[in-house]
Amino acid sequence: MATEKIKGAEALIRSLIAENTEYIFGYPGGAIMPVFDVLYDYRDKLKHILVRHEQGATHAAQGYARVSGKTGVVMVTSGPAATNIITGLSDAMMDSTPLIVITGQVSSPLLGSDAFQETDVVGITQPVTKWSYQIRHSDEIAWAVARAFYIAGNGRPGPVVLDIAKDAQTGFTDFEYNPCQFIRSYNPYPDVKPAEIDAAARLINQAKKPFILAGQGVVISNAERELAELAEKADIPVGCTLLGLSAMPTDHPLYKGMLGMHGSIASNIKTNECDLLIAIGMRFDDRVTGDVEQYARQAQIIHIDIDPSEFNKNVKCDVSVLGDARTVLQALNKEIAPAKHEAWIASFAECEKVEQEKVIEPELHPQKTLMNMGEVVRKISDATDNDSILVTDVGQNQMLSARYYRFKQSRSIVTSGGLGTMGFGLPAAIGAKIGRPDRTVCFFTGDGGIQMTIQELGTIMQYGIDVKIIVLNNNFLGMVRQWQALFFDHRYSETPMLNPDFTGIAAAYGIAGERVATREEFDAAIQRMLHHRGAYLLDVQIDPECMVFPMTPAGACVTNIMLNATEKY
C-alpha cells in the first residue's frame, strides 16, 4: 500500500475511520485542538458527540459499547480533562468494556516541566487500563491506534489510553494504516484444551444437581445460543450475575433469576445445595459469593473464563477451562449427554413460592398509598413489552430495576457493576441510544445519582437523543439509608436530600416531563412518556422507606437471606 504524507492529527482521524469508528464522545481543549480541527473536515464520516463533562464521555462510550458490541471511542484534552476520565476507565476495566480513550498532551519538549495542563496520564491510568501509551512522534500514531483497538476489543475487553503529545499531532508522517492482528506475548484467544473439555463434560454428565452461573462473558462472546443449548440439553437451571442479565430470556423455563446480595432466593439457596456449579464468564465477585468460606462448599466447580487470572482467585475450582465462552461451550455441548433433572429443578419451587409471597407481591402490590420502586419498574417494563434496553444508575434504583425488569433479548442491560459508579447512568443511556437507535432506552435513576451527571441533559438537548428518564425520587440516598436503617440503628447521617424540581430542570433543556405522585395517575403517565417523540423525564415520587429485598448482608453466607426488615428465610 502506498504511503501518504499527512499530519499526525489527520493520521489519527483516518486511523479511527479505518477501524470503522462511527462516533467519538469527547470534549475539545488546547492540547487536542489540532485533532479537533482535522475532525471538522471529516464530519461526514465520523460523528462527534459533545458531552458536558469528560467523565460523561467515558460513560457514554461504555453505554454505546455495551449495547452495540463495538469499541467505544473517547477524545479529550490534557490535564484536568485527562484526570476526569479516570472513573470511567476504572468502571470499564472492572466491567470488561472495550474503550479507546485518546488524551491530548503537552508537546514532548515540555514533558516533565510541569507545563500548563500537564499530567502524567500514562502513570495515572496504567492501573486501570489494559494498555496505556504515550505517543511522542506522528510516526507512531497509526501503529498505536491499530494496537489499541486490538488490545481493547480482543480477549477480555477493556479500556486503552493513547496520550498524544501536541507536536505528534502537528508533525508530518508517511501514513499507511495496517490493522493489528497479532501482538507477540499477547494471546487473547487461547486454544481450548480437549482435556479440560473432557474433564468438564465428565462432571456435568455425572451431576445430579447441576447449576449454571452465567456472567457477562456469555454476552461479550455472543454465546447466548450455546448457553441455552447447554442448559436445555443437560436440563440445568441458570442464574445470572448482574452484568449477565439478558443472556437468557427472563421467561425461559430454566432461568432462575439473578445471583447475589439482592438476587433471587432460589439462585442463592441452590448455590449451596447443588452438587456442581458451572460458572461461565463470571469472576465470583463478593456481591455474588458473600462469605467465600461458606460458599458452595458441597459442590464441585467448573470455571469457564477467557482470563486465567480469575481462576482460583476468589473461589477454588475443580476444573478450569480457559477460553472464549462461545468456543468452550460449542466444544462442551458436543461432549455432554442429554439429561433430565426434574426433581432438582422442581426443588426451586419452594424458594420461588416464598419469594413471591414475602417479597415480590408486597413490592408489586403494596397496601399503601406511596409507590415502590419495583412496581414502577415492572409497569414500565411491561409497557415496553419487556423488549427495551434497561439502563440504571447505582443504588436501590439499580437493584430493583435488575430484579423487576424483564428481558427478551441479549445486550439489554447497561449498568455499573464492579465499580458501582453513581452518575454512570445518564451518559450511559445517551451512549446506549446512539448505539441502538432502533430500540427504546429506559433509564432508571435515583434522585442522588442523576445529580452527579445531570449536565448531560445538555447533550440530550443538543443531539435530540430519545432517552426515557425515570427518576425514582425518594428524597434520600436510598441504598445508604437502607443500610443505616438495617445496620446503623436508623441514624440517617447525611442521607436525606433536598432536591430541585427535576421536571423544571429538564424543561430548561427543552426536555418534556412530568411529576407523578400517585398510583392512579401513573399508568397514563407511562403512556405519555413512551409515546412522546424525544427525551422525556418522569419524576416519580417513591416511598422513602422503600427497601431492596431479599438481601444477604455483606460478608454473610449466601443462604443468610433477609426477606424484609424483620424476617429471614
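What comes next concerns the included structure.

Reading the values: the criteria
Residues numbered from 1 in each chain as written. Predicted model: local features only at pLDDT ≥ 70, side-chain atom pairs only at ≥ 80, totals over all residues. Heavy atoms only, no water. Helix = DSSP H or I, 4+ residues; strand = E, 2+ residues; numbered from the N terminus. Rg over C-alpha atoms; globule rule 2.2 N^0.38 Å. Buried < 20%, exposed > 50% of the residue type's maximum accessible area, 1.4 Å probe, protein only. Contact = heavy atoms within 4.5 Å. Areas by Shrake-Rupley, 256 points an atom, 1.4 Å probe, with all protein chains shown as cover. Lys, Arg positive; Asp, Glu negative; His and termini not counted. Charge placed at Lys NZ, Arg CZ, Asp CG, Glu CD. Pairing = 2+ DSSP bridges. Axes fitted to C-alpha atoms, helices over the stretch in contact; angles between N-to-C directions. Core = buried A, V, L, I, M, F, W, Y, C linked by side-chain atoms within 4.5 Å.

**Things to note about the overall build of the protein chain**
Along the protein chain, the regular secondary structure elements total 23 helices and 20 strands. Computed over its C-alpha atoms, the radius of gyration of the protein chain comes to 24 Å, within 12% of the 25 Å expected for a compact globule of 569 residues. Reported as C-alpha extents along the three principal axes, the dimensions of the protein chain are approximately 70 × 60 × 40 Å. The proportion of buried residues among the 569 residues of the protein chain is 61%. Taking the contacts inside the protein chain whose residues are at least 6 apart along the sequence as the reference set, 76% of them involve residues at least 24 apart. Only carbon and sulfur atoms are counted for the fraction: they give 50% of the accessible area of the protein chain, which is about 22300 Å². Seen as two clouds, the 51 positive and the 67 negative side-chain charges of the protein chain have centres 3 Å apart.

**Things to note about helix α11 (residues 224-234)**
Listed as buried for α11 are E224, E226, L227, A228, L230, A231 and A234. In this structure, the buried residues of α11 make contact with α9 (194-206), β9 (210-214), α10 (216-220), β10 (238-240), β12 (276-280) and α14 (325-335).

**Things to note about unusual backbone geometry**
Residue P550 is bonded to the preceding F549 through a cis peptide linkage, with omega at 0°. By the secondary structure assignment, P550 is in the segment after β20 (536-541). For R411, which is not glycine, the phi dihedral falls at a positive 55°. Structurally, the position occupied by R411 is in the loop between α18 (396-404) and β16 (413-414). Assessed through its relative accessible area of 18%, R411 is described here as buried. The phi torsion at N475 lies on the positive side, around 55°, for a residue other than glycine. Checked against the element boundaries, N475 lands in the loop between β18 (468-473) and α21 (478-487).

**A look at the sheet that holds β12**
The six strands lie next to each other as β11-β10-β9-β12-β13-β14, forming an open sheet whose pairing is parallel. Edge positions in the sheet fall to β11 (255-258) and β14 (319-322), since each has one partner strand and no second. In this sheet, neighbouring strand axes are inclined to one another by 15° on average, regardless of whether the strands run parallel or antiparallel. When strand β13 (residues 300-305) meets β14, the two strands line up parallel, connected through four bridges. Paired with D305 across the two strands is L322, which belongs to β14. Across the face of the sheet, α9 comes into contact with β12, β13 and β14 while running at roughly 135° to β14.

**Thoughts on the nonpolar core**
The nonpolar side chains of soluble globular proteins are, as a tendency, buried together. Counting 103 residues, the largest nonpolar core has I204, I280, I302, V376 and F444 as its most contacted members. Among the elements that take part in this core, α9 stands out by supplying six residues, more than any other. Ignoring anything within four residues of it in the chain, the contact list for I280 reads I212, L213, A214, G215, V218, L227, L230, I304, A325 and L329. A92, V391, F424 and I511 belong to the second largest nonpolar core, which has 46 residues in total.

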